[in-house]
Amino acid sequence: MITDGTIASVRERADIVEVIRHNVKLQKRGRSWLGLCPFHKEKTPSFNVNQERGFFHCFGCGESGDAIGYLMKLEGLSFPEAVRSLAERYGIPIEEDASPEQRAVSDRRRREREELYEVMNAAAFYFESQLSPSGHPLRELALAELQRRDLSPGSDPAVDAALQAFRIGYAPYGWGALADYFAAQGVPAAAAERLGLIVRRKQGRGHYDAFRHRLMFAVLDKSGRVVAFSGRALPEPPDAMLARHGIASTNRPSRDGEERRDPPKYVNSPESPIYVKGETVFGLYQARQAIREKGEAVIVEGNFDVMALHARGLDHVVAPLGTAFTPAQARLIKRYAPTLVVLFDGDAAGKKATLAVREPAKEAGLLLKVARVPAGTDPDALSQEKGIGAVQALVKNAKGMLEYLIDSTLSDARGASMREIQERLNTVARYLSEEADPNLRTMGKIYADRLSAQLVVDGQSPEDLRGLERMVSRALTGGPKAASKASERSTALAPPELGPRARSRPDEHRLALDVLGALIDVPELFNDVEVEDGLVELSGDIALAAVTLREVWEAKNALGGAELLDLLPQAIHSFAVGRLAAPRYAEAEEAKAVVLENLRKIRYPVIPGDIPVKVQELAQADGQGDVETQDELLRELAQRARRKHGLS
């Protein structure tokens, strides 16, 4: 575990403006810096950064924090990963709470991982170089595959940017090109073998390449480091091409009676200490910013789909990388956006894969939508044939998963037998009952009713239709307990009936928050006797926050740092961070005037409707001849009048 001292050093030395400027254009505005928020799409800047206090806050989406929190949100890093990243950037030694033996083991593992990252980066550089104009002579077959998909290098700046972002390269034809390169560069063969880049020969000494004559896609982790590769098979070079370049063929003749097998279309890196297939999302690093801005991610099946759609302008697209979609991948996407749109191929395999996304997404809390690709095509081909606008329209008009399930179950049932229709409606009823959200289930029921009404064909009577609709309706009564619990919670949280004094609390709370905000803006006010005396009017979390701020100010003569938030009540964190990042008051005189005026209003509240009630009670007491009650009410009204004018 990283020591508190290391964390404190990182927070002290990390310049939040310098950190954020790598991604956001900031302009100085008063005591803060202002820019467009990197966490949501906006046209008017609402993203504030306070360099002195080390905080950022967006008044548009509510994201806030310090430099460590910024990296966690932007890069999807854990807290230790963000601390380490900043420590390395600022040359801060990382100390850990561990025994010498534990630290030694941790350091050794860290060095091993760093070595593996370096080997992967070296491989990516090599593959890229082989696709360049001065690269391997057989790269033209890889370029032909890119050209077939309208992704030729140099054809368009956006295409070039995508090829560079995904680090597209070429694994040369032959048995040992990469192994020889590693040997010449002094790359440890053991590390390369551990990563699945080279394979030890069964006979003799040395290694051969795991990726041969393939178009290579680099797989990046959430920090942008190469952790794996995916290589697409290319056509076997003609003998004449091999002869022209003096390259020996590796195409072994088949044995008698044995048909030669084509290589698998894709070969992917095996899992390693730096790569777990089910916990990595292809394209997430490249798409992370667009996913945040749009509030959703689009998931497709293949590497080419991801890169091609990025190159053509749909840049919030990712893929599960040759594996079934997992809960870990869903949770990783959930860090960046709440919604996932499934855009799988329009074939039977694509439909099956779409259904498989449902459970992992539900487990991670992702809102799931489905964009239906026309049968017989895929997103890449569709964008080539009809333009990227056609794919964008599919994403924009994506249906909710429940609606998709109902539609796919019932839409092609016209002409089916009554028994088949009943089975399909039972399936729909099961889908409805599995939904915990009662609103979603009701919407699904309405949609199912509408579709089931279309199933009446010749030979089926209205009575048949009513029976079918009742089957769908019964699904609403068979829903999970979670639905009723959600309903109970919403009832339990219903606001109570408020009287005049209770209705004044929002105003009092607003006034108290403004007092607290002024103290955050100008903490020198804690030294003012008049302000200090008036703070007794504060109560609850705001009073606790004021006491905490005063103690921090007296101890450090400054307000700032994430440790300050750890001391403040959770209920006012968002407000406090907003004021720390973007102060409202700059002058002590102005802030003091606001504080004193608000404290006076809190002390002497005017409660709407209360005084007229007292006057009515006074008239009633007069009519009843109740002199004692009259005197008491008159004294109370007089006292209120004096307080209102500051005379008591």
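Residues numbered from 1 in each chain as written. Predicted model: local features only at pLDDT ≥ 70, side-chain atom pairs only at ≥ 80, totals over all residues. Heavy atoms only, no water.

Describing the sheet that holds strand E5 (residues 64–65)
Item 1. Taken together, 5 strands build an open sheet; the order of strands is E1-E2-E3-E4-E5 and the sheet is antiparallel. Only two strands of the sheet have a single partner each, and these edge strands are strand E1 (27–29) and E5.
Item 2. Bridge count for strand E4 (residues 55–58) against E5 is 2 bridges, and the pairing is antiparallel. Following the sheet pairing, His57 is matched in E5 by Ser64.
Item 3. Its contacts with the sheet place helix H27 (residues 573–581) against strand E2 (32–35), strand E3 (47–50), E4 and E5, and it is angled at close to 110° to E4. (Pairing = 2+ DSSP bridges. Helix = DSSP H or I, 4+ residues; strand = E, 2+ residues; numbered from the N terminus. Contact = heavy atoms within 4.5 Å. Axes fitted to C-alpha atoms, helices over the stretch in contact; angles between N-to-C directions.)

Quick notes on helix H1 (residues 4–13)
Item 1. Taken residue by residue, H1 has Thr6, Ile7 and Val10 as its buried positions. Down the axis of H1, the smallest arc covering the buried residues is 100°, so these residues share one side. Exposed side chains of H1 directed beyond 90 degrees from the buried face belong to Asp4 and Glu12.
Item 2. Where H1 is buried, its residues meet helix H3 (67–75) and helix H4 (79–89). (Buried < 20%, exposed > 50% of the residue type's maximum accessible area, 1.4 Å probe, protein only. Arc of directions from axis to C-beta.)

Section: unusual backbone geometry
Item 1. Look at Arg167: it is not a glycine, yet its phi comes out positive at around 50°.
Item 2. Here Arg167 shows up in the loop between helix H7 (157–165) and strand E6 (169–171).
Item 3. Given a relative accessible area of 18%, Arg167 falls into the buried group.
Item 4. Positive phi, normally seen in glycine, also occurs at His213, with a value near 50°.
Item 5. One can find His213 in the loop between strand E8 (207–209) and strand E9 (214–220).

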